[in-house]
Amino acid sequence: MKLSASGRITVSVLAAIGLVVTVPAAALEEDQHQPMYIEADAAELDEKQSTSLYLGNVDVTQGSMRILADEVLVHHKQDRRVQKIIAVGHPVRYRQRVEDDPDEVKGRALRMEYEADRDELTLIDEAVLIQGEDRFASDRIVYNRITDRVTAGTSAQGRERVKIRIEPETEPDGEPQAESAP
């Protein structure tokens, strides 16, 4: 993240009351239009409930997005498209490439919920979201892939304080970038 001194102060203040930060790079726009693939050791399909349950070494991919979990429950719409994914694991892992950034967004939590219509990922319990060297940790983190917005802590209806690590930007010579005056 590229934050000025005033931006770092703002993040510190937001961290004290919960967190709302705009992630600088958008998830790859074409990802949400790609087919979703799911692999697992076992699957149970319930047509009446419009759900499918995947058990054991579950691997969900859609474009550059990937979720790895122990168990995944998928709620389908009437046309069989994905409506919601609930993933449970020790931990569940998430990663996705973002526009104009060599670093992937990575996350992990004991539970993740993905709302397809909102293109929103919620990380619950022992949640961590990482982009490059920057890291957010809380009991609940909401990452909206369309608006590039991260909400954590009480702002995301969590109970724990947010822990943030923001690395200073460096020049090509490896030295920290000089801060400009406000």
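Our subject is the structure that appears above.
Residues numbered from 1 in each chain as written. Predicted model: local features only at pLDDT ≥ 70, side-chain atom pairs only at ≥ 80, totals over all residues. Heavy atoms only, no water.

Asker: Is there a simple way to think about unusual backbone geometry in this case?
Answerer: The bulk of non-glycine residues show a negative phi, and the bulk of peptide bonds are trans. Looking along the chain, the bond that leaves H90 and enters P91 is cis, with omega of -5 degrees. Counting through the fold element by element, P91 comes out in strand β6 (residues 82-98). Residues other than glycine seldom take positive phi values, yet D125 does so here, at roughly 70 degrees. Structurally, the position occupied by D125 is in strand β8 (residues 120-131). A relative accessible area of 33% means that D125 is categorised as partly exposed. (Helix = DSSP H or I, 4+ residues; strand = E, 2+ residues; numbered from the N terminus. Buried < 20%, exposed > 50% of the residue type's maximum accessible area, 1.4 Å probe, protein only.)

Asker: Is there a simple way to explain the nonpolar core in this structure?
Answerer: Considering soluble globular proteins, one finds that nonpolar side chains tend to be buried as a cluster. Grouped together as the largest cluster of nonpolar side chains are 28 residues, with contacts concentrated most on I67, V72, Y94 and I141. Mapped onto this core, the elements with two or more residues apiece are β4 (51-62), β5 (65-76), β6, β7 (101-115), β8, β9 (134-144) and β10 (149-152). Looking at this core element by element, the count peaks at 6 residues for β6. Ignoring anything within four residues of it in the chain, the contact list for I67 reads V58, D59, V60, A87, V92, R93, Y94 and L121. (Core = buried A, V, L, I, M, F, W, Y, C linked by side-chain atoms within 4.5 Å. Contact = heavy atoms within 4.5 Å.)

Asker: What exactly am I supposed to notice about the pattern of salt bridges here?
Answerer: Pairing between side chains of opposite charge can happen when the charged atoms of each approach one another. All told, the structure shown has 8 salt bridges when counted by the stated rule. Where K77 meets D117, a salt bridge forms, and the shortest distance between an N and an O atom there is 2.4 Å. Separated by 40 residues along the polypeptide, K77 in the loop between β5 and β6 and D117 in the loop between β7 and β8 bring together distant segments of the chain. Close ionic contact of E120 with R118 constitutes a salt bridge, the shortest N to O distance being 3.2 Å. When its relative accessible area of 45% is taken as the criterion, R118 is described as partly exposed. Salt bridges linked by common partners bring K84, R111, E113 and E115 together as one network. (Salt bridge = Lys/Arg side-chain N within 4 Å of Asp/Glu carboxyl O.)

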